[in-house]
Amino acid sequence: MTPAQHGLASALKYLLLIVIGTFPALSVIVDGYGSALWYLLGLAGIVSFAISANVRRRLCFEPKALLFVAAPFLFFMWSIIIYWLVDPSDFAKSRVERHALLLISIPVIALLFHARFRAKDLLLSFSLSGLVFLAYWIVHDGEGRLDGLVHAIHFGNIALITLILCVGGLLTQSKRHWYVIAAMGSVGALIAFMESGSRGGLVALFLALLAIGFWFSVTRNQIRYFVITLALVASVAIVSVKFVDPISERYELTLNEIDKFSEGQMYTSMGMRLLMWDAALNVVTEAPFIGSGFSGYRTEILTRISEGQLKPLMSDFSSEPHNQYLYQLASHGLIGLFLLLLMLTLPLFYLATPRPGSHLNHHILRVTLAVIFLSFIFFGLTITLFDQRRILQNFGLYYSVAAWFICNTNRKSLH
């Protein structure tokens, strides 16, 4: 490779890092950015697959890579089958088209194989999203909850994932200027997360950290890891509820909604979730194995409204029940739920097994990714994730990064 070619390759690599690093924030702030870049990354991945024999060999013949390719492919194919056989409506078609976005993660895995990033560079790049969140908060100037182009909960969850990545990047930096950038990115992502007022995101983070602490305690046979994690999580939770205004306001709102619920007032944020979950459970019992299609829950809600069981305002919540697992069960049955859990837990299965003699950056990225996927698992308890294009795109990116990391057998490229 000539010096000019080497310089061009380096420039393209850094450009790719910028595109990937800014993707989480810009995808939920700038209209059309996420879809355009997601398709572009997929196209670049197809080119990488076509020009690199090494990428083709790894993606097609390595068992781990094949598993990561198979999971989103099977998930999408089951959606196609449900659409064809159970629910061939226009509403279902729009949802199948959204699930197709997960397939782009396959060529993005190829792109990451070809790029051969270092772990600390990839983690640091996500600090750019933290800086974008910081700028967005400044421009937003306190005009209510931060939500960007999505629901405030989704916005907060993406900001939280960015925060986790920024902290991982912070821990891998040795040079002061990169350390400062990672720290600023962490601050920006933290502010965006808090200003979104995502109660579910906060609970998901705490549960994810507790799961990590429990895992360390079990694998190292020392309960102190879990005790320390529990103490830290409890301390942060108490401080947040007492002194961080957006979180304390949401906490007070939660207590108020609980009081109203006990008095029989169901049409609050928490109460309506219970109404939605009850409707979804009723749909699940009708077709537990293959589901009732994407329109099953929607039909149930609209039927209850027409019969006077629910108020008309519930029609605004008829597309999904604010719970990914109930929605998956209602629309795709137990088979669909299994395929969803396969995608969510496949990275965790490999991340839970440390590689002997690994570099410190390897361990940091491993724990960072584990917290991210645990958070996604817990996000799904309070919001429907795979009903939103931007969330599907972001999940696809993190899934691709996890596949690249787990399948990369050359440890030096991760240092």
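All values reported here derive from a predicted model rather than from experimental measurement.

What counts, and where the lines are drawn
Residues numbered from 1 in each chain as written. Predicted model: local features only at pLDDT ≥ 70, side-chain atom pairs only at ≥ 80, totals over all residues. Heavy atoms only, no water. Helix = DSSP H or I, 4+ residues; strand = E, 2+ residues; numbered from the N terminus. Expected span 1.5 Å × (residues − 1). Buried < 20%, exposed > 50% of the residue type's maximum accessible area, 1.4 Å probe, protein only. Polar contact = N/O pair within 3.5 Å; in protein donor to acceptor, adjacent residues only side chain to side chain. Contact = heavy atoms within 4.5 Å. Axes fitted to C-alpha atoms, helices over the stretch in contact; angles between N-to-C directions. Parallel < 35°, antiparallel > 145°, perpendicular 65-115°, else oblique. Nonpolar A, V, L, I, M, F, W, Y, C, P; charged D, E, K, R; others polar. Salt bridge = Lys/Arg side-chain N within 4 Å of Asp/Glu carboxyl O. Patch = residues over 30% accessible without salt bridge, like charges linked within 9 Å, V, L, I, M, F, W, Y side chains within 5 Å. Areas by Shrake-Rupley, 256 points an atom, 1.4 Å probe, with all protein chains shown as cover. Left-handed = near helix turned anticlockwise from the far one by under 90°. Phe/Tyr/Trp six-rings, centres within 6.5 Å; stacked < 30°, edge-to-face > 60°. Lys NZ or Arg CZ within 6 Å of the ring centre and 35° of its normal. pLDDT = per-residue confidence, 0-100.

**Here we look at helix α9 (residues 152-172)**
For step 1, the next point in the chain: An ideal rise of 1.5 Å per residue puts 30 Å on 21 residues; α9 measures up with 30 Å between its terminal C-alpha atoms.
For step 2, the next point in the chain: Most of α9 is tucked away, with 19 of its 21 residues classed as buried.

**Re the side chain of S375**
For step 1, the next point in the chain: Residue position: S375 is located in helix α17 (residues 360-379).
For step 2, the next point in the chain: A polar contact of 2.7 Å, which involves the side chain of S375, links it to the backbone oxygen of V371.
For step 3, the next point in the chain: Excluding anything up to four places from it in sequence, S375 contacts I161, I164, A204, L205 and A208.

**Focus on unusual backbone geometry**
Phi is mostly negative for residues that are not glycine, and the peptide bonds are mostly trans.
For step 1, the next point in the chain: Positive phi is not limited to glycine here, since R116 has a value of about 55 degrees.
For step 2, the next point in the chain: By the element assignment, R116 lies in the loop between α6 (105-115) and α7 (119-125).
For step 3, the next point in the chain: With a phi close to 60 degrees, H322 is a non-glycine residue in the positive phi region.
For step 4, the next point in the chain: Along the chain, H322 turns up in the loop between α15 (296-306) and α16 (324-351).

**Overview of the packing of helix α4 (residues 63-85) against α16**
For step 1, the next point in the chain: The interhelical angle for the contact between α4 and α16, taken along N-to-C directions, is 170 degrees, at an axis separation of 10 Å. Judged on the interaxial angle alone, α16 and α4 are roughly antiparallel. On the side of α4, the interface is formed by K64, L67, F68, A71, P72, L74, F75, W78, S79 and I82, while α16 contributes Q328, S331, H332, I335, G336, L339, L340, L342, M343, L346, P347 and Y350.
For step 2, the next point in the chain: Considered class by class, the residues forming the contact of α4 with α16 number 16 nonpolar, five polar and one charged.

**Points about the pattern of salt bridges**
For step 1, the next point in the chain: Going through the model one piece at a time under the given rule, you end up with six salt bridges.
For step 2, the next point in the chain: The shortest N-O distance in the salt bridge between D121 and R118 comes to 2.8 Å.
For step 3, the next point in the chain: The partner of D278 in a salt bridge is R304, with the nearest N and O atoms 2.7 Å apart. Separated by 26 residues along the polypeptide, D278 in helix α14 (residues 269-286) and R304 in helix α15 bring together distant segments of the chain.

**Topic: a nonpolar patch on the surface**
For step 1, the next point in the chain: Side chains of L40, L43, I46, V47 and I51 sit close together on the surface and give an oily, nonpolar patch of about 490 Å² of accessible area.
For step 2, the next point in the chain: With respect to the helices, strands and loops of the structure, I51 is situated in helix α2 (residues 33-51).

**Some words on the packing of helix α8 (residues 127-140) against helix α10 (residues 176-196)**
For step 1, the next point in the chain: Viewed as axis vectors pointing N to C, α8 and α10 meet at an angle of 50 degrees, and their least axial separation amounts to 7 Å. By the angle between their axes, α8 is oblique relative to α10. As α8 runs across α10, the sense of the crossing is left-handed. Between α8 and α10, the contacting residues are S127, G130, L131, F133, L134 and W137 on the first element and I181, A182, M184, G185, G188, A189, I191, A192 and E195 on the second.
For step 2, the next point in the chain: Of the residues that constitute the contact of α8 with α10, the class distribution is ten nonpolar, four polar and one charged.

**Observations regarding the environment of L302**
For step 1, the next point in the chain: Mapped onto the elements of the fold, L302 is located in helix α15.
For step 2, the next point in the chain: L302 gets classed as partly exposed once you look at its relative accessible area, which sits at 37%.
For step 3, the next point in the chain: As a C-alpha pair, L302 and S315 span 13 residues in sequence and 6.5 Å in three-dimensional space.
For step 4, the next point in the chain: In contact with L302, other than residues within four places in its own chain, are S315 and S318.

**Considerations on α8**
For step 1, the next point in the chain: In this model α8 runs 20 Å from its N-terminal to its C-terminal C-alpha over 14 residues, within 8% of the 20 Å that 1.5 Å per residue would give.
For step 2, the next point in the chain: Residues S127, S129, G130, V132, F133, L134, Y136 and H140 constitute the buried set of α8.

**Some thoughts on the side chain of S125**
For step 1, the next point in the chain: Tracing the chain through its elements places S125 in helix α7.
For step 2, the next point in the chain: A residue is classified by how much of its surface remains accessible, and S125, at 5% relative accessible area, is buried.
For step 3, the next point in the chain: Ignoring any residue separated from it by four or fewer positions in sequence, one finds S125 in contact with L17, G21 and T22.

**A look at the environment of L149**
For step 1, the next point in the chain: Within the element layout of this structure, L149 appears in the loop between α8 and α9.
For step 2, the next point in the chain: On the accessibility criterion, L149 (35% relative accessible area) is partly exposed.
For step 3, the next point in the chain: Through-space distance from the C-alpha of L149 to that of P72 is 25 Å; in sequence the pair is 77 residues apart.
For step 4, the next point in the chain: In contact with L149, not counting residues within four places along its chain, are V28, I29, V30, D31 and R390.

**Overview of the packing of aromatic side chains**
For step 1, the next point in the chain: Enumeration over the complete set of coordinates arrives at 15 aromatic pairs.
For step 2, the next point in the chain: Ring plane angle 50 degrees and centroid distance 6.0 Å describe the contact between F376 and Y398, whose orientation is recorded as tilted. With F376 in helix α17 and Y398 in helix α18 (residues 389-407), the pair connects residues that are 22 residues apart, well separated along the chain.
For step 3, the next point in the chain: A relative accessible area of 1% places F376 in the buried class.
For step 4, the next point in the chain: Chaining the aromatic ring pairs together yields one cluster made of F68, F75, F349, Y350, F373, F376, F379, F386, F395, Y398 and Y399.
For step 5, the next point in the chain: Just above the ring of F113 sits the side chain of R58; from NZ or CZ to the centre is 4.2 Å.
For step 6, the next point in the chain: For R298, the ring lying beneath its charged end belongs to F91, and the centroid distance is 4.9 Å.

**As for the confidence of the model for the chain**
For step 1, the next point in the chain: On average, the chain scores 90 in pLDDT, and the residues at 70 or more come to 95%.
For step 2, the next point in the chain: No element of the chain has a lower mean pLDDT than helix α13 (residues 245-262), at 73, and none a higher one than α4, at 97.
For step 3, the next point in the chain: Per-residue pLDDT stays below 50 along residues 410-415; that stretch engages in 23 contacts with residues further than four places along the chain or on separate chains.

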